[in-house]
Structures are given as structure tokens and as C-alpha cells.
Amino acid sequence: GGGCGACTVMVSRYNPREKTISHFSANACLLPVCQLHLAAVTTTEGIGSTETRIHPVQERIAKANGSQCGFCTPGMVMSLYALLRNQPQPSLEDIVEALGGNLCRCTGYRPIVDGCKTFCGVRMSVMRHLESLLVDNGVPELFHEGDLLPQDPTQELIFPPELMLMAESQRPLTQTFCGERITWVSPVTLRELVELKAKHPKAPLVLGNTGVGLEMKFKGILHPVIISPTRVPELYEVNKTPDGVWVGAACSLTSLKTLVEKLVRELHEDQVETFSALLQQLRSLGGQQIRNVASLGGNIASAAPNSDLNPVLAAGRCILSVISKVFNFTHTSQGSSHMSTMGSVEFVRAFRQAPRKANALATVTSGMRVRFAQGTDAVEDLAIFYGGVGPCTVGATKTCREVIGRRWNEETLNEAYRLLLDEISLPPSAPGGKVEFRRSLTLSFLFKFNLQMLQKLNEMPSWRWQVRPDCSDKRRLTFGTCRSQEVSQGQRGDDLVGRPVMHRSALSQATGEAVYCDDIAGSQGELFLALVTSTRAHAKLIKIDDGEALKLPGVVDAVTAKDIPGKKFRTFTGIDEELLAENEVTCVGQMVGAVVADTRQHAKQGAAAVKVVYEDLPDRVLTIEEAIEKKSFFKPQREIERGNVTEGFRKADQMLEGEIRIGGQEHFYMETQSMLVVPSGEEKELKVYLSCQHPTYAQESIAETLGIPSNRVSCHVKRMGGAFGGKVTKTSILASITALAAWKTGQAVRCVLERGDDMLITGARHPVLANYKVGFMNDGRIIAADIQYFTNAGNTGDESILVIEKILLHIDNAYSVPNLRGRATACKTNLPSNTAFRGFGVPQSMLVVESVINDVAMKLGCTAEEIREKNMYKGPSITHYKLQFDPENLLRCWDECLQKADYHSRRTTIAQFNQSNRFKKRGIAVIPIKYGIAFAECFLNQAAALVHIYKDGSVLVSHGGAEMGQGIHTKMQQVASRELRIPVSLIHISETSTNVVPNTCPSAASFGTDANGMAVKMACETLLQRLEPVIREDPKGTCWPNVVSLCRGPDTYMDWKKQEGQPYAYFTYGTCCSEVEVDCLTGDYQTLRTDIVMDIGRSINPSIDIGQIEGAFMQGLGLYTMEERKFSPSGMLYPRGPAQYKIPAVCDMPLKFNVYLLAGSSNLHAIYSSKGIGEPVLFLGSSVFFAIKDAVAAARKDVGLGGPFKLDSPACPEETCLACASWWELFLFTFMCCVLVKTYDGLLLCPGCTLPNTLCFCDNPRTTRTLPWHNS
Ligand SMILES: Cc1cc2nc3c(=O)[nH]c(=O)nc-3n(C[C@H](O)[C@H](O)[C@H](O)COP(=O)(O)OP(=O)(O)OC[C@H]3O[C@@H](n4cnc5c(N)ncnc54)[C@H](O)[C@@H]3O)c2cc1C
Ligand code: FES
């Protein structure tokens, strides 16, 4: 629904009157075909191809390593392409704006932006080059700008002349398209439009379709008649008047933005107040693709509760011109809007706060206007409007009435805050939640408005605390550094190991040629499968009635558990999971059946028509707390201890106890779960094409489900559009259900989940609740810690036991705590079962550890970095599970990161900044990581490879790793190329398939390259040995054999009874330093700079590894600061798409992002001394979380609150803002009672006036008492 941009295309139109062609990017998923009459649509396939000529945009994104899994790449290419068609040399800001509506889950955006930046012109390219030379002289660039194709305007597609001719010659006539269910009418005159609207009052006027399209797609609303006024010229008219401008209702938001930008440039400063405020909102409203099609009239008429424009237009005294045959709202069409200029003493401001800085609907938005009597601070007029606090835009008329006529001063504003709280009330159950936050934002915005007006009036009133304008310098993305590694001296020039080789599929991905599962062409009679899922969290299944569904057009069959001929459940870590619920459902979203039909649409309609009768069961368990209370756990619970924790606590100088929560995380791979099962019609054979990290497991599961041997099922994985751990167990279950349908119908069956279903059904990262107790000495040494973890595993075991084990194995992170105890339990609840996610419990485990360190530092009044350094492993060390290791590279990463990031001097600068800014605070944090690589279960550390050398000298490598964007196939090509001493161009990798390399292990745990690389190496070595005599005689080689090689990885194990083992082959180390700036009034933050130093041994491919580092960091940033999974009280997941679930976008990139690979590191335990890197860095995203916490601590200090405080993850703006304990929150507290109970431990109250200390107006506010929250 327009939220991810993966389907971006360019739309071009010819204007016969002006003889101009316009180009703009748009989301194909929201473009009605009927509206594309006379338009040319260009996709990435149209602008270049590997077979003819690739386009520079495709090439640069690919060569800059901006394409990993590649699913987002065509959309990225087209967003940039459309920009370049309008601006051949864009600025960096233009690029960031153009990519604002495109999401990427793999790359972290830096490489994409880097590739795009090469279009910014000579100056910028030279700057970038110089900077990289200055920083790391001699280290190879990740890609060389000199190798790039130049921009060639002659390569661009021309606008189809036939369309031009048609536009010139055809007289515009009303068009009517009649579909099965919908009639689409497109009039060409205003008069006709008004007639049509009168005739069909219920028909929507569809312009951009960004509102109506979503309703129809996701809410199932059907409009039998749609009127599309896109060809009515009057609706596009823009007319300037002496006091403003009339803007036609059909003008797109992009053209509105261009118009107001021009007005702001041309008109006098005093006149552009409303335009500037509008511009501010338009910059962050939706993504570029949305703004290009969404219309001004549509935005106004949609009257969305959190519309960004309506509050500003209302405050700015905008006039709407409407036209109607009948005086009735539903019969009315909006013609245009008049936006006025303002007088010299009239000011308009806009405010907005959203879960993400751009392309996210606002939580609260506002427009405010004040007019002062000339030369005074007396308020002549005031308008305050809010979005996001009611069912539509809400005006604070009562508050305004009270303020008008009074002076704009402290007393008036204090009264205004009070009145506002009373007037803009939100009941605790208000739709959208976040009630406290939204109320606090209404005050924040007025407070911000007040500050800006005070500045305008240039009269600072004598407030008790000094109000100074905070620094609001406009910060921009700058050039970062990526330091790769040098290859060893003497390495052959054609040996590509250690060199930054482009992802082998990057060009096919950029040109749209790459084949994903759903791109596989359909076959005759192929059916589509849609799932029927439970709507109850815990209930008996009384009946599943598919009678009505089977009568629907196109529906062929339905399957339930009763149809399963073989095993009805999957068993993982000893726990059974039903494929399809048979007697009882245990979560909303659990699969109970499926419907197959001739098309997706029919299958969906069929699934919706299946009637499921439930009988609710008591004892629903949704939260970890409920599970603890009811002892609803999966077995076994795990525990590990070293030293004597009780004794340690006894000896400690000080003790602290605390609790922290870490929310779950949706995988949000760009390609949803997809599979195609094709029965071969002979001897029960099935060919299964799927997007899966563990094809062997899917094969086993399908065979068991159908009761046939594994040798009848072959699973094929070409590539995945992202996976991150979410395409192992859940994919295998979905594939088994799809295979069941194919088995029953005898037809090929395809299943591609829609985003909402994928999010509902397939689970996520485990949320964690942790309690800790820590004992430490006054000098900062931690001598004992006891941490108890509870994960919310959901309704089935899945991999939850392995996750809690990994949690416990990482409770030391980088620290040597002599007495350390960890306990972990997977709670069984009635939520969808959670599963593996990049890091597999480690990101949750270590966040707790670092929070403990942070709290100790706050208690001792020193920086967390001092405590980290003091407790870090040093010299020959041993972990709590008795594994010996050398932490030298851990310490090297730490020291190098502090130095590269210039940590110490920046800490001083930050302290100075915080002293001089009251409502903006900066924070910095440095976080180390020690991450164990390999599967603790030895049998998973193996891989096989089959290498064919054909007579023509070409080589086909097959191995057990599946490509999901991590570049494993590229690395395997590099390995084979080195071993066989041939160019990579001779080596091909087609797919991962169980009939070529059987019994593969999952591509997970950052171990894919280690294991499969060894297998490929061994196979090539064997071949080369055999070929040695032939090569000697005939160096060109004509007789080439094939070899299969099996690599057995390290003998890892973990004995949980003895609490010791060698679960890892080695550790990957790293350190990350991040600095943020937090707006304490809204909780918004910006990552100003991030520096990462990673020890990944000797990288096989630095550009791929740096891409993994940046991508994982951004995913971690999302986990700890943005991504929220919320459930309804009945256990239903709320966020079901990109509109509600926000993953980091390009606007969230650190403004400066430096990545350094540690030099001089090697690793005996993996191929070519490399190290696994896929997972570890995700945790380093927590440096942003801790930097936010650091900034919040500075804000709290200003209101007299010191010491440890609680901040749960994710630290979204809501949590951050409330934790800042800004004065108006205390104000809220005082007047509204207890609304902020969660924010901190206690409050200093003045006994005189009972106001918070910082607010009170008594003479002696120092006489205070602490009011603990539990008393309030
Ligand atoms: C991914 C995404 C992100 C978004 N982000 C934001 C955001 O950050 N802030 C924000 O404010 N909005 C946001 N929106 C909403 C978007 O701005 C509106 O949907 C859009 O402005 C509506 O314009 P449209 O032309 O697409 O309307 P349509 O979908 O074509 O129509 C919407 C409604 O307006 C009515 N209408 C349209 N034109 C007229 C007219 N001339 N006279 C009378 N009625 C009319 C139609 O009958 C219909 O009911 C977002 C939408 C999407 C899909
Ligand atoms: S490369 Fe962007 S989502 Fe995978």
C-alpha cells in the first residue's frame, strides 16, 4: 500500500498545451490502470538490461554494493531514475528525498546513497575521493568511480511518439471502463464532474488513489462507481491573487510543494508564513512517490485524523472553493483552495511528530497562528489546530478565545497549557493509543510555538529557568568512510579473495532480471493458495465449514488437518508444532486451513468465506507476566553460573536491582514467504521452489507431511528477497501445507503471503523481560551479577529453547564478571510463535548486560565507558562456560574505535552543548561486542559442495548455502576462483537444491561462508590434485571431473548439565560509537555520527562484509529505537504493514557513518582467515539506544533527577520523550494525576504550591520532598 516503494515505476505524461513531458515516480501498487490513459510507464526492465546495455543508475547502485537481496533494488533504481530525468545533477538532499519512500532491509542505505551520489556532479565526487584518500591512504576503495559508465542522455527512452500524437489529436472525451464489479468514469469538464457527482453521490473522486486505493485493498470496501477527475483541467489551475494563491484540488502534493517553494523564494518574508509552514509539512509527508500522485483536494477531503495539511490550512485561514449541484457534502466536489499571505505581525507555524522522521503518518500534527497588535505583545487573534488527537482535525477554540486579548507572556501561556489540557482531551481508550504521549505533544507543540514567538517578539520573559533558543542548525548527511583491508603483498592480481567484488547478482537485481520465487512463470492449471487463520487466541475448534467457500467462482478445493496423509506436526528441539490446527487454536493467526483457487483474488475470497466456529477457552496467556504467574513455560529452562554469586553480592560495596524489557522485532524481509509446489505426476515426485534458508528442512517436512520418502521431494532456492532467520521453520510449515494442497488437487500450487498475513502468521524476534541484580565495588569493578531472562516464545516451541541457550551463552558480552549467574525461560503464551531472527537472542541478551553497566555507571556518577573498560576481558581469558580465548582483538577494536571516533573530545563538546541547550540534548555511547560464531550443535556445522568442471572449461558450483542477499554465492565464486586458479567469470552458481547437495544445514548463525566455503575449497583442491597431471601436459585442460566434498566443521558442543562447553569455533569482535541529538519536547532523535570498528579476520570480500555490517547496524537501530509490535487485548497483532510498522528508512541513516575493518587480524578457524559477520553487528545498533539514554540522562539532570532510570527497548519517541521528564510532563502530572507514573522513580514537589520543583512559583522552591510514584 505505498509504504515500501519496492514497486516504484516512472510515469511520464505529455502536456499538449504546454508541449512538455513530465516524469514522476509512483507506486505501481496504488496506480489504477484506468488512470494511465496516454501515460507511459517505465520500469527498471525498460531502462537497461544485462543483455543489451545496463543503465548507469542500475550499474552504480549495483557496483556501489547497494543491492544485497535485491528485492528493493528495482524500486530504488526507478526512484533515482525519475529524479535524474528531472534533475540530471541532483544534490545529495534531492537524492535522499527521492529515496525517502523506498525501504531496504539489507543494506542500511549507505551503499545505495553512495552509488547515487556519483550523479551529484564532479565536485562531490572529487570531495568524496579526497576524503577517502585523506583518511585511509592506500586502502582500496569499495568501488572505483572511474570505472562507472557515464551518463548518456541518448540512452534514455523517448516518450512514445504515438502517445504524443494521440494527446495532440484526440479530443478529450469522457471515458468509462466497466469491470466485473466496478465502473470507472473519467470526465473531462468540471460541469460533467458535478453532474456525475450529483448522480452518484456515494462514488469517490479518485485522484492519487492513495486513500481510496488503500480502503479498497485492505478494508475490502467496494465502490461500484468511481469518478476520476484527473482529466478535468480546471482542477489543476493555479491562480495568484493580491493576498495569496488559489490552488486547484487535483494538484499533486509535489506540485504544491514546488509552488510554495517558489512563493517562499519570491515573496517577502512576512507574506510567506503559511507557505513556509506548509512546506515544512510537505517535506516529510509520505514518500516522494506518494506526494507525486496524492492530491491537495484528496488530502483535505480525506479528512484523516492525522492529516498534516489540514491543521496548517485551517490555522492559516485557508478558504476552500467547493462546487455542487445539490447543497450536500456528499454531492460536493472540491475545486480549489485559497492560501493567504499574512500580515507583518502574524505568524504561522507547523509541528509534527511521527514514529519515523519521513514517510510516516504523524502521531500528532499541528498548525498554529497568532497575530499581535502592532508593536505590542497583545494577542489579536490566535488559531490552534491539531491532528492526531480526535477523529478529524481538532481546533482548540476555547483556549484561543481565552488567550485573545491578553499579552503573550508566561502567565497567559501557563493558563493556555491548562486550558489546552482540558480542551484537547483524549480518553484512555482513544483509538491509536499513546494517550499520554499525544497529550504531552499537544503541550510540547504549543510550548515550541511559544518559544518561537518569544524569539519573534524579542522579549524574553523572566522565567524561572532560562529559555534560550536551542541550536537548530540544519544538519546534513556527510561523507563517511569505509575502510576495507589490503590484500597481502604478493597476492596474484587475478585472485579476487580479499578484494571488494560486486555481489554476483547485483546487476540482474538492478535490471529486474533476477528471478525470485514468485517470478517463476505459472503453469497450465496452476492454483493459488490462501490461508484461513484463527481469529481467537485460545479456543476449541468446533467446526470448519468450507461449504460456502467451495461454491465461489474459481475456488477448487480446501485443505484442513484432516487431509494430511502423514505426520500432522513438525518437531523442533523436541517440541511438536501442528501444521494446521485440528482441535484447538492457541493464537490469533494460527493456520487452520487453506483454500486453493484459480487466482489469488479467488483464493482470498474463498479463504474469507470459510466459516470457523470456536468455543473460547479460559486461561488465555498473552504476556510474560501472565506466563510467569501461571508457570506456562516450555521445557527445559536453562541456567548457568560461574563463581559464587551469593558470596559476590556479600562482598560488593554497592548493589543495584533493575528490570528491562526488549520488544520483539518483525523480520520485514522485503519478499514475503513464497513457494511453488509442482507435482511431477510420476512416482509421487514433487518439485518445490521456495524462498527458504533451510531447503533440507523443508524437504524433510514435506516428505513427512505427505508420508513419502525424502527422495521424492526436491527443494530449490534460487535466491531470497531477505530472510534474517524468518525463513527456516515457518517456511517449512507453509511449504508443507502448500504441498498438501498440491498433493490433494494434483495441480501445481503457489502460495505467496501478503504482507499483513506474513506479519500475522510467521512470528518475530522474541520479546524479553529481564530482571537483574548486580554487585559492584566503588571503583566500578562488577564482582557479581545475576540476570534472569524470560522470553515470550508464543504458542509453539519452534527454536525458542535454542534462543534462550544463546542468550545465556552471551551474558558476559565483553566483560569478565567473576561471579555470574544467568537463568532463562521460554514462556508459552497465546501469541503467534516467535522464531529465529538475526542474532538469535544475543541482541536481547546483551542489551540487558549493557543496561546493567549503564546503571552501575549512573549510580557511581561516571561514564558507562569507564565501567566498560574497567570490566572488559583482558589477557588470556575464560568465559563463563569455560571456553578459553584471547581478547586482544576485542581490546584493539575498542581502542581503535575510541580513537577513530575521537570519543574523549566529543564527550566534552557534548557536555558543553547540553549545558547551553535546554530542550535539545546530545548523548554518546560506545558499545563493544564479542560474538560466538558456529552452531553450538556440532551436527549443524557441516556443509557439502559439488563442483562440476565441464569440458568447455566452465565450472558449476553447488553448495549448501542459500543466497538471501548476504553474498554467499559471490564469496563461493571467489573461493573456487582462487582454488582452481581461474577467473570468476568461468564459475557459475545456479541455485541451492536438495537433489544436488543433500542434507544441508541452515544458512544461519553467520556460519554459511565458513562451512560452505571450506566444502567448496576442499572440492576444488581434490579436483585440482586429480587434474595436476593433465594440467601439466595440457594447461588448458580438456578432461575435467566432478567432485563432491563434505566439510565437517568444528567439534562444538555445550553440556548444560556441567554448564561448560565449546559452543563456538571463535569470536567476532567489534566496537561501535554513536552520537545522537534528542529533541526532548517530542522524543525525536537523529543519529549524528556512528563509527564502527570490526574484527572480521581477513575479509573474503570487504564490500560485501561492510554491507553486512551497515545493514545489520541499521536493523539493530530499528530494533532498539523504532520497531514496535503491539497486540490488542485479545491477542491480535496490530501492525500489519509498513504503514504501521516502521523500519529504518534512508532518513534514519547516521549523518556520518564510518566503518573500519580491523587491520592485521587473522582467524585459524575459518576459510582464508575470515570471520562470520552476518549477525554480530546487529547488537551494535544498541549504541544508538544507549546514546539516547545518555542524552535523556542529561535532560533529567536539568530537572533535578539523577541516578539510574528505566528505559525499555525500543526507545521510540514516546518512551524517550516521557523519560526526559520535561517540565510540561511534570505539569501534566500535577494537573492530570499520575499520567506519567512509568517515567521515573520519584518527583520533587514543592510543599508550598505542590507543583514540581522546577515549576513552582514559591520563593523557596528548594524545600522539596520526593513523592515516589507508588504513593501518587
Ligand atoms: C504510504 C502513505 C503515506 C502517507 N503519509 C501521509 C502523511 O505523512 N501525512 C498526510 O497528511 N497524509 C499521508 N498520507 C495520506 C495521503 O496524503 C492522502 O491519502 C492523499 O493526500 C489523498 O489524496 P489522493 O489524491 O490520493 O486521494 P484519493 O485516494 O484519490 O481520494 C481520497 C478521498 O478524497 C476525496 N476527494 C479527492 N479529491 C476530491 C475533490 N476534488 N473533491 C472532493 N473530494 C475529493 C475522494 O472522494 C476520496 O474520498 C499517506 C498515504 C499513504 C498511502
Ligand atoms: S537489498 Fe534492499 S531489501 Fe534487500
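Residues numbered from 1 in each chain as written. Chains lettered and ligands numbered in written order. Predicted model: local features only at pLDDT ≥ 70, side-chain atom pairs only at ≥ 80, totals over all residues. Heavy atoms only, no water.

## What to know about the overall build of the protein chain
Filter applied, for reference: Think of it this way: any DSSP run of H or I at least four residues long counts as a helix, any run of E at least two long counts as a strand, and we number them from the N terminus. Only C-alpha atoms enter the radius of gyration, while the globule expectation follows 2.2 Å times N to the 0.38, with N the number of residues. To sort residues, take the accessible area from a 1.4 Å probe on protein chains only and compare it with the maximum for the residue type: under 20% means buried, over 50% means exposed, and anything in between is partly exposed. All accessible areas in this document rest on Shrake-Rupley with a 1.4 Å probe, and a residue is counted as covered only by the protein chains that are shown. For this count, His and the chain ends are skipped, Lys and Arg are scored as positive, and Asp and Glu as negative. Every charge is mapped onto a representative atom, which is NZ of Lys, CZ of Arg, CG of Asp or CD of Glu.
Looking only at helices and strands, one finds 36 helices and 47 strands in the protein chain. Relative to a compact globule of 1272 residues, whose C-alpha radius of gyration would be 33 Å, the protein chain shows 31 Å and is just as compact. Viewed in the frame of its principal axes, the protein chain has a C-alpha envelope of about 95 × 85 × 70 Å. When the 1272 residues of the protein chain are sorted by exposure, 61% land in the buried category. Working note: accessible area of the protein chain is about 47,400 Å², and carbon and sulfur atoms make up 53% of it. Averaging the positions of the 132 positive and the 133 negative side-chain charges in the protein chain gives two centres separated by 2 Å.

## Some words on the UniProt feature "active site" (unreviewed entry) in the protein chain
Where we set the bar: UniProt positions are given in the numbering used here, feature names are shortened, and annotations may be inferred rather than shown by experiment. Every residue pair with non-hydrogen atoms within 4.5 Å of one another is taken to be in contact. Nitrogen and oxygen atoms within 3.5 Å of one another constitute a polar contact, given that in protein one can donate a hydrogen and the other can accept it, and given that sequence-neighbouring residues count only through two side-chain atoms.
Per the UniProt record, "active site" (unreviewed entry) is annotated on E1175. Its location among the elements puts E1175 in the loop between β45 (1152-1157) and α34 (1182-1198). Accessibility expressed as a relative area gives 9% for E1175, which makes it buried. Contact partners of E1175, with chain neighbours within four places excluded, come to K806, R838, G839, F840, Y931, A1005 and S1006. At 3.0 Å, the side chain of E1175 forms a polar contact with the backbone nitrogen of G839.

## As for the side chain of T791
If you trace the backbone, T791 turns up in strand β31 (residues 782-794). Each residue touching T791, except ones within four places of it in the same chain, is listed here: I624, H766, P767, V768, I804, I807, T825, A826 and C827.

## Focus on the site of ligand 1
Defined as follows: Proximity criterion: a residue is near a molecule or strand once any of its heavy atoms comes within 4 Å of it.
Residues in close proximity to ligand 1 total 31 residues, the closest being L207, T210, S295, D308 and Q334. Take S295: an N or O atom from its side chain is 2.6 Å from an oxygen atom of ligand 1. Taking R352, its side chain carries an N or O atom lying 3.1 Å from an oxygen atom of ligand 1. Relative to its unbound accessible surface of 980 Å², ligand 1 loses 89% to contact with the protein.

## Here we look at unusual backbone geometry
Across the junction of K635 and P636, the peptide omega takes the value 0°, indicating a cis bond. Its location among the elements puts P636 in strand β24 (residues 633-642). Geometrically, the link from S1209 to P1210 is a cis peptide bond, its omega value of 5° lying close to zero. Relative to the helices and strands, P1210 resides in the loop between α34 and α35 (1213-1219). The phi dihedral of D798 is positive, around 45°, even though this residue is not glycine.

## So, the packing of aromatic side chains
To keep it simple, the criterion reads: Think of it this way: a Phe, Tyr or Trp ring, Trp meaning its six-membered ring, pairs with another when their centres are within 6.5 Å, and the plane angle makes it stacked under 30 degrees, edge-to-face over 60, tilted otherwise.
Taken as a whole and judged by the stated rule, the model has 20 aromatic pairs. Aromatic pair F572 and Y697: ring centres 5.4 Å apart, planes at 90°, arrangement edge-to-face. With F572 in strand β19 (residues 569-572) and Y697 in helix α23 (residues 695-706), this pair connects stretches of sequence that are 125 residues apart. Here F572 falls in the buried class, since its relative accessible area comes to 19%.

## Section: the sheet that holds strand β11 (residues 346-353)
As a reminder of what qualifies: Strands qualify as paired when DSSP identifies two bridges or more between them. Here, axes are lines fitted to C-alpha atoms. For helices the fit covers the stretch in contact, and angles between N-to-C directions go from 0 to 180 degrees.
Pairing within the open sheet is antiparallel, and its 4 strands lie in the order β11-β12-β13-β14. Strands with a single pairing partner mark the edges of an open sheet, and in this sheet they are β11 and β14 (394-395). In the sheet, β11 pairs with strand β12 (residues 364-372) via 8 bridges, with the strands oriented antiparallel. Residue V348 lies in a different strand from β12, and its bridge partner there is R369. Against the sheet, helix α11 (residues 273-284) engages β11 and β12, with an angle of about 10° to β11.

## A few points about the confidence of the model for the protein chain
Here is the rule: pLDDT: the predictor's confidence for each residue, scored from 0 to 100.
For the protein chain, mean pLDDT is 90; residues scoring 70 or higher make up 92% of the total. Every residue in residues 123-138 scores below 50 in pLDDT, and together they form 24 contacts with partners more than four places removed in sequence or on other chains. The model gives residues 459-469 a pLDDT under 50, and that stretch makes 23 contacts with residues more than four places away or in other chains.

## As for the pattern of salt bridges
What counts, and what does not: Any Lys or Arg side-chain nitrogen found within 4 Å of a carboxyl oxygen on Asp or Glu counts as a salt bridge.
Evaluated as defined, the whole model comprises 71 salt bridges. Of the charged contacts in the structure, one is a salt bridge between R750 and D518, with a shortest N-O distance of 3.0 Å. Placement of R750 in strand β29 (residues 749-752) and of D518 in the loop between α18 (506-511) and β16 (527-533) is noted, with a sequence separation of 232 residues between them. In this structure, D1091 and R1089 form a salt bridge, with 2.8 Å as the shortest nitrogen-oxygen distance.

## Digging into the sheet that holds strand β17 (residues 539-545)
With antiparallel pairing, 3 strands are arranged side by side in an open sheet as β21-β17-β23. Two strands in the sheet have a free side with no partner beyond their single neighbour: β21 (584-585) and β23 (611-616). Here β17 pairs with β23 via 6 bridges, running antiparallel. Paired with L541 across the strands is Y614, a residue of β23.

## Comments concerning the packing of helix α27 (residues 842-860) against α34
The condition that has to hold: Should an angle lie under 35 degrees it is considered roughly parallel, over 145 roughly antiparallel, and from 65 to 115 roughly perpendicular; all remaining angles are considered oblique. For a crossing to be left-handed, the near helix must be turned anticlockwise from the far one by less than a right angle; the clockwise case is right-handed.
Relative to each other, α27 and α34 sit at 25°, their axes nearing to 11 Å. Between α27 and α34, the angle falls in the class roughly parallel. Crossing of α27 against α34: the hand is right-handed. Contact residues: α27 offers L847, E850, S851, N854, D855 and M858, while α34 offers S1182, F1185, F1186, K1189 and A1193.

## Considerations on the environment of Q601
By secondary structure assignment, the location of Q601 is in helix α20 (residues 600-609). Given the relative accessible area of 42%, Q601 is considered partly exposed. On a C-alpha basis, the gap between Q601 and V33 in space is 17 Å, while along the polypeptide they are 568 residues apart.

## Some remarks on helix α30 (residues 903-916)
Rules: Any helix carries an expected span of 1.5 Å times its number of residues minus one. Starting at the helix axis, one direction is taken to each C-beta atom, and the arc is that of these directions.
In a regular helix each residue adds 1.5 Å, so 14 residues correspond to 20 Å; α30 covers 20 Å between its end C-alpha atoms and thus fits that length. Within α30 the residues assigned to the buried category are Y903, R906, R907, I910, F913 and N914. Within α30, the buried residues cover an arc of 120° as seen down the axis, which keeps them to one side. Exposed positions of α30 whose direction lies more than 90 degrees from the buried face are H904 and Q915.

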